[in-house]
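# Coordinate analysis (summary)
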Amino acid sequence: MSDRPKVIFDGNEAAASVAHRASEVIAIYPITPSSTMGELADEWSAAGQKNIWGTVPEVVEMQSEAGAAGAVHGALQAGALSTTFTASQGLLLMIPNMYKIAGELTPFCMHVSARTLATHALSIFGDHSDVMACRQTGFAMLASGSVQEAHDLAAIAHAATLRSRVPFLHFFDGFRTSHELAKIDKLSDDDLRALLDDRQIAEHRKRALSPDRPVLRGSAQNPDVFFQAREASNPYYLACPRIVQEAMNAFAARVGRQYNLFDYAGHPEAERVLVVMGSAAEVAHEAVDWLCSRGHRVGVLKVRLYRPFPVEEFVRALPKTTKSIAVLDRTKEPGAVGEPLYMDVVTALREAREDGLTALDPLVIGGRYGLSSKEFDPAMVVSVFDELSRPKPRRHFTVGIVDDITHLSLDWDRQLDIEPPDVVRAVFFGLGADGTVGANKSSIKIIGEETPDYAQGYFVYDSKKSGAITISHLRFGPRPIKSSYLIKRASFVGCHQAAFLAKFDMLEYAAPGAVFLLNSPYPPDQVWDHLPREVQQTLIEKKLRFFVIDALAVAGATGMKGRINTVMQTCFFAISGVLPRTEAIAAIKKGVQKTYGKKGAAVVQKNFEAIDQTLDNLYEVSIPASVTSNFSMPPIVPDLAPDFVKKVTAVMLAGKGDLLPVSAFPVDGTWPMGTTRWEKRNLAVEVPVWDEVLCIQCNKCVMVCPHAAIRAKVYEPGGLALAPASFKSTEYRGNEWKGSKYTIQVATEDCTGCSLCVMVCPAKDKSNPRHRAIDMLPQAALLEAERSNYDFFLGLPEADRTKVRLDVKGAQFLQPLFEYSGACAGCGETPYVKLLTQLYGDRALIANATGCSSIYGGNLPTTPYCTDSNGRGPAWANSLFEDNAEFGLGMRLAADKHEEQARELLQRDSIPALLRTGLLNANQSTEAGIAEQRARVEELKSLLASDPSPGAARLRLLADSLVTKSVWIVGGDGWAYDIGYGGLDHVMALGRKVNLLVLDTEVYSNTGGQASKATPMGATAKFAVAGKSRPKKDLGMLAMTYGNVYVARVAFGAKDAQTLKAFQEADSFPGTSLIIAYSPCIAHGYDLAQGISQQHLAVETGYWPLYRFDPRRAVNGDSAFKLDSAQPKGDLAAYMHNETRFRMTEQQGPERYRELVNSAKQEIRARFQLYEQLGKGAPAVAVAVKET
Amino acid sequence: MDFKTSYLGIKLDSPLMPGASPLADNLDVARILEDSGASAIILHSLFEEQITREMTGTIYSIESHAEASAEATSYFPRASEFSLGPDEYLDQLRRLSDAVNVPVIGSLNGITTRGWLDYAKQVEEAGAAALELNVYYLATDPTEGSGMVERRTLDVVRAVKQAVKIPIAVKLSPFFSALPHFARELEASGADGLVLFNRFYQPDISAESLEAAPILHLSDPSELLLRLRWLAIVKPGLKIPLAVSGGVHSGIDAIKSLMAGASAVQVVSALLKHGPKYLRTIRAQMERWMQEHEYESVQQMIGSMSLSHCPDPNAFSRANYMRILQSWRPTA
């Protein structure tokens, strides 16, 4: 069937393409790496794409995966054909409904991009720990190992579930398959119609709940019958494997690709066999072919249908000659005899032998590999076969890591390269913002669609949100590409950012004689002198061809503003030789036209100009015979870094974390504090420079900085004795520390260049208002001096917390205990988090919901939470997405219980009465009070040190709990409004002393901009493609109905004093508090340097009213509600027009947008009036404030 | 009473029409305008620069964060019906042409030759009866002389004229140093009419915050005087018709404009202030005045007070200014 179109899909699109066409109702919830499936389904439905029965599937986003599973269950019960997409924790949340759906024998197919479950740490990457947690639910499980399989087996699963009535979980490897781009055959609608049997669909509909022929399902059964009724479904499970095979056969008859329950590849008389499923099976297949061609008798058995596990088919699929088997599991079950696939294989062989189905009695060993997308390559496959050849193979092993603790790991040959020479391999290093990945995706499309060649693309991103580095791995070749692993030897290496030269060993990837393309600001005759010695050495040794282009200059000249993607793509085609030059350029232009043609001629034109100018600016550099450079790659971290940072963090920073052995790591996921300070990222092209004469010392720049990269200190003049010559200082203006000096200092290497500090600076030069007390100037020229200035600055004493006046200015003298996070440049969340740590960090426990804040807060290699000079700082942990309020509450319960026990134990006679009463009655409402209590606690501890009684020892351990703790429960709107709302609500109802901080970006930011219930009316988001038609949920109002919860709505950029006040009131409030914090985000679609003015507009127009609801006020008969915003003025539409999220709605349908804007205006007016009424002393709900 | 006039080679029932403005963005308003006697409807200007900026801005804000994180390879949905170009404008033009019986005139401000041409063609294809080229250009570059500014405008007019078949009007700013000569050159380059004048945003300065902020005031009748003078001066040297734009707030304003040389009278601010039906009021005022003064047609008055027919042509020249100065006495 050659007429099927060849398309470039990733695994997610491959599966979703089938699922969308084979479903009527789709309920979803975003979770990496499956989000794309739901997004595509939603986009297709929004665009009116129909399923194979001619109707547009209904796609609904739920509040959680549990909700999606419930909705799907209901849809199925009511007779719809349904699907969902999920992974990891999301899949776990579906398990209760999965039991139900299976128990009710419901035809249903879900698609899972298998992802690691969070244990000692979260990981977004791929393994089978999530799907393996479902193997007992009664779902059939079908595994795909490639993009084409994810497409084909999706169809087979949808067909088989209808016939078998057993629900299916179709899965493929998260990222490795879900995000790999490949050229595949796309199944037609007719293919799907042929596979999905109308009669069985009719049967499904007939079983549906209907008041016209009602039945009852979901009864409660008792000991007398439950067991038998549960066994009644057995025949369906027995029949299921045969039905799947028949569906595979029917598929083969129509499409030509034959799948089997188990597919064997390798020597027909193999003695050593690997059993594996997922993308590793493709890697093993490639390695097995290579080994067989070298005379080895080896093979691989790919497991397709894992549940129900067909014992007979399994043993039949094994070569009769099999002597030993290695089973590879991509999951870990601590404490089990072995991992699940291993256990199934052992059991199946034993049963089959005893039942006379086989005579085979091979040795079986089991190994773990590939957790969290750990590389699994042919060399590792070879090492597993080698292990089977040993006289006494290890029964249990791991492969892909070095385990120097339990010594389970196999060694492998890191130099082994089995890839055929006719496959072009190219690796590109770029920045997220420069468009490298996008350009590479376009190159894959060009080669995949314009030539008969096959193409593969896989993209590795780093863990930071600002200045993220991307590594693209591209393969092009004459055959379908099975190499589901990273490229190790490339014929082409592209470095799209010259700054990477000194950071990464990029040429490690280059095969001898390969082409190296560098985007460099230096012309061809000078570039050599700017290369580190190591790079020169490799260029010479590997005899590389070296090309340079100043892509930034070409992009700049053609109005592309730093987007060097098209330029570098043109270079790649010009020198890699994968396509004839003119053909390639025509194809690139066609690609540009396709991408932008619809949206705008101007952008197409700019790209065309860039393409045309590229070739004139691309030069080959002749490589001298010897190394001449006088500088080397600098050390990753300075020598004064702590041991752990040097031995572990630095290795990870160098991109070589794979080399770290098991012994390098803590056993329980505990990680040291404050490691971001060792990673000098130097992201900013321009950094702020302070003018001490013009400065009015308001500290607003310090307040708004998302990365704590601009700081203020006030100190004794004597501190300047050893200051570097360029260190700036001025007289402190203010009465509290007369005669002191004042400095604003920039952390030049940590600044991201967002320029928020400049935008907020109120001090302008009267004669030249363009100059402010802070200006942005090029970083390079400042770097050397400012590095020592910042070091010196850090050495100056921190402010005395007991003496700082806690207003906006004073609070910014407090040391931030959250610094240089990986958050986006201009992030609107982090200023709140930073403020929290300044005010309460030294006594804070932070429970952090999964999301952006847990990623910039806790994603390795370096993390931002740090300690003060006393070693105190925020104790931070992330549990899950859905349970954060409960998680934080638990922290409070523990802190309270410990404090209570300490107070009880204080009744000991040995403690002087004065100290006891001091400790018990301490007023800790001020920093001074806390300092005094800390002193008392120290006194108590030293007193107890000499007391040998057990009670004393217990009290000593608990003594610190007598210092008040501030519990903060932090998360985004996805958590607070949607998935965690139930818990949030319950925690508010309990009224315990916790502070809930909602960083409201009005969208799921971390997973890529899906709508939440916080998304405002009129905004486009994923799952609200056409623009949300309902207003934002008023979370604050809901919280206020409890009457005893402190609630504040804040926007730091609009009214910083109100934000500060809210934090202080929340912390002092003797019950639960909720702060809803407006957080500008890249998902809003504007230059975040304008974040401050957007916040002003948001508040001015009434879009984001500011208020504080303090139940304490009601005790005095006042209204608890205080509106901090003035009457809305100005045009809401103007605020909205500044942001792409609203403009996209307008651009899709101006008429509808105008209606939405009008509705939004009315809604805002009505809500504001309501708030005004509340503020006018509407009778406060009677509240009982619990005194603690 | 004969209100018939001819403008850009199109015979119109009246010289009164709404000028380029957001008035015609709403179909209902457009119908009211037609019912109120508008002889043509002019759409607001399609600004190439704005389209380009929004296009690049939107694409930039979508793309600059895309493909940078494993979790989020994008932050916005891929909307299929997502237009960043002039589609909305062109759609509105089409809808308007269907909704009203009077000619619909497009208006365009370009920044590149390509933009002028492409959009002009698209406006023509969308069904515009004529096209107004809104030459909205502020000369801020000290290395650019007036000759260069004029030449570029003439080039655009020539190029657009070759590219489209519909008549084109050129809407000018008052900031040309030798307007009569330039007007004639425009005519020679193919312009089918001129509109005097467009109005600019006037940036104000906030002395408090040391910021400059662009603001747009509605016109008032005092602005008409500038137009009257230049209509009167330019009219005699041209064969192509003129339109007045800016400052017409009443029937007598319209009449004076016609007398100065306008064949068409564009009204915006008065309609924004009083509503679209106010156009009928202006017409009624004109009719009453014409009756009282025994005029039979507007043709009688077009150009009656231009430089070539005005009893005292010096009134429009520099002397005018001198005399006012001389007659001015301090009140103290």
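The structure under discussion appears in the preceding block.
So, how was this worked out
- Residues numbered from 1 in each chain as written.
- Chains lettered and ligands numbered in written order.
- Predicted model: local features only at pLDDT ≥ 70, side-chain atom pairs only at ≥ 80, totals over all residues.
- Pairing = 2+ DSSP bridges.
- Helix = DSSP H or I, 4+ residues; strand = E, 2+ residues; numbered from the N terminus.
- Axes fitted to C-alpha atoms, helices over the stretch in contact; angles between N-to-C directions.
- Contact = placed C-beta atoms within 7 Å.
- Buried ≥ 20, exposed ≤ 12 C-beta atoms within 10 Å, placed from the backbone.
- Right-handed = clockwise from strand over helix to strand, strands pointing away.
- Nonpolar A, V, L, I, M, F, W, Y, C, P; charged D, E, K, R; others polar.
- Parallel < 35°, antiparallel > 145°, perpendicular 65-115°, else oblique.
- Left-handed = near helix turned anticlockwise from the far one by under 90°.

Right, let's get into the sheet that holds strand β19 (residues 454-461) of chain A. Residue and element names in this part refer to chain A. The sheet built from 9 strands is open, its strands ordered β1-β9-β19-β20-β18-β21-β22-β23-β24 with mixed pairing. The sheet is open, and its two borders are formed by β1 (6-10) and β24 (618-621), each paired with just one other strand. Ignoring strand direction, the axes of neighbouring strands in this sheet form an average angle of 25 degrees. Pairing geometry for strand β21 (residues 490-495) and strand β22 (residues 510-519), over 5 bridges, is parallel. By the bridge assignment, Ala490 is partnered in β22 with Ala510. Along the sheet face, helix α15 (residues 436-450) touches β1, β9 (181-185), β18 (424-431), β19 and β20 (469-477) and points at about 10 degrees away from the line of β20.

All names here are of chain A. Extensive coverage of strand β11 (residues 272-276) is indicated by the burial of 5 of its 5 residues. Side chains of β11 alternate between two faces, with Arg272, Leu274 and Val276 and Val273 and Val275 buried alike. Where β11 and strand β12 (residues 298-303) come together, 5 bridges link them in parallel fashion. From the neighbouring strand, Val273 faces β12, where its bridge partner is Gly299. Following the chain from β11 across helix α11 (residues 279-293) to the adjacent parallel β12, one finds a crossover that is right-handed. Bridge count between β11 and strand β14 (residues 324-329): 4 bridges; the pairing is parallel. Bridged to Arg272 within β14 is Ser324.

Turning our eyes to something else, we now look at the interface of chain A and chain B. Taken together, the contacts link 41 residues of chain A with 34 residues of chain B. Among the elements of the structure, α2 (35-46), α15, α20 (601-614) and α39 (1140-1148) of chain A are those that each provide at least two residues to the side of chain A that touches chain B. For the side of chain A that touches chain B, the element with the most residues is α39 of chain A, which contributes 5 residues. A class-by-class count of the residues in the side of chain A that touches chain B yields 18 nonpolar, 15 polar and 8 charged.

Let's shift gears to unusual backbone geometry. Residues and elements named next belong to chain A. The omega torsion across Arg307 and Pro308 is -10 degrees, close enough to zero to call that bond cis. The phi dihedral of Phe1023 falls on the positive side, at around 70 degrees, and the residue is not glycine. If you trace the backbone, Phe1023 turns up in the loop between β33 (995-1000) and α34 (1035-1040). On the basis of neighbour count, Phe1023 is assigned to the buried category, with 27 C-beta atoms found within 10 Å.

Let us look at the sheet that holds strand β28 (residues 741-746) of chain A. Residue and element names in this part refer to chain A. With respect to topology, 3 strands assemble into an open sheet ordered β26-β28-β27, the strand pairing being antiparallel. Across the chains shown, the open sheet's two edge strands, defined by having one partner strand only, are β26 (710-715) and β27 (730-731). Bridge count between β26 and β28: 6 bridges; the pairing is antiparallel. Within the sheet, the bridge partner assigned to Ala712 lies in β28 and is Ile744.

A packed helix pair is summarised by two numbers, namely the angle formed by the two axes and the spacing between the axes. Residues and elements named next belong to chain A. Close contact between helix α19 (residues 581-596) and α20 brings their axes to 9 Å; oriented N to C, the two are set at 160 degrees. The angle between α19 and α20 places the two elements in the roughly antiparallel class. Seen from above, α19 lies across α20 with right-handed handedness. Mapping the contact onto sequence places Ile585, Ile588, Lys589, Val592, Gln593 and Tyr596 in α19 and Val603, Val604, Asn607, Phe608 and Ile611 in α20.

Within helix α1 (residues 11-21) of chain A, 11 of the 11 residues are buried, which leaves it mostly tucked inside the rest of the structure. Among all positions of α1 of chain A, only Gly11, Asn12, Glu13, Ala14, Ala15, Ala16, Ser17, Val18, Ala19, His20 and Arg21 of chain A are buried.

This brings us to helix α36 (residues 1091-1100) of chain A. All names here are of chain A. With respect to burial, α36 is a largely interior element, 8 of its 10 residues being buried. Buried residues of α36: Gly1091, Ile1092, Gln1094, Gln1095, Leu1097, Ala1098, Val1099 and Glu1100, and no others. In the core, the buried residues of α36 are packed alongside α22 (700-704), α23 (756-760), β35 (1073-1078) and α38 (1132-1137). In the stretch just after α36, Gly1102 is the one whose phi turns positive, near 85 degrees.

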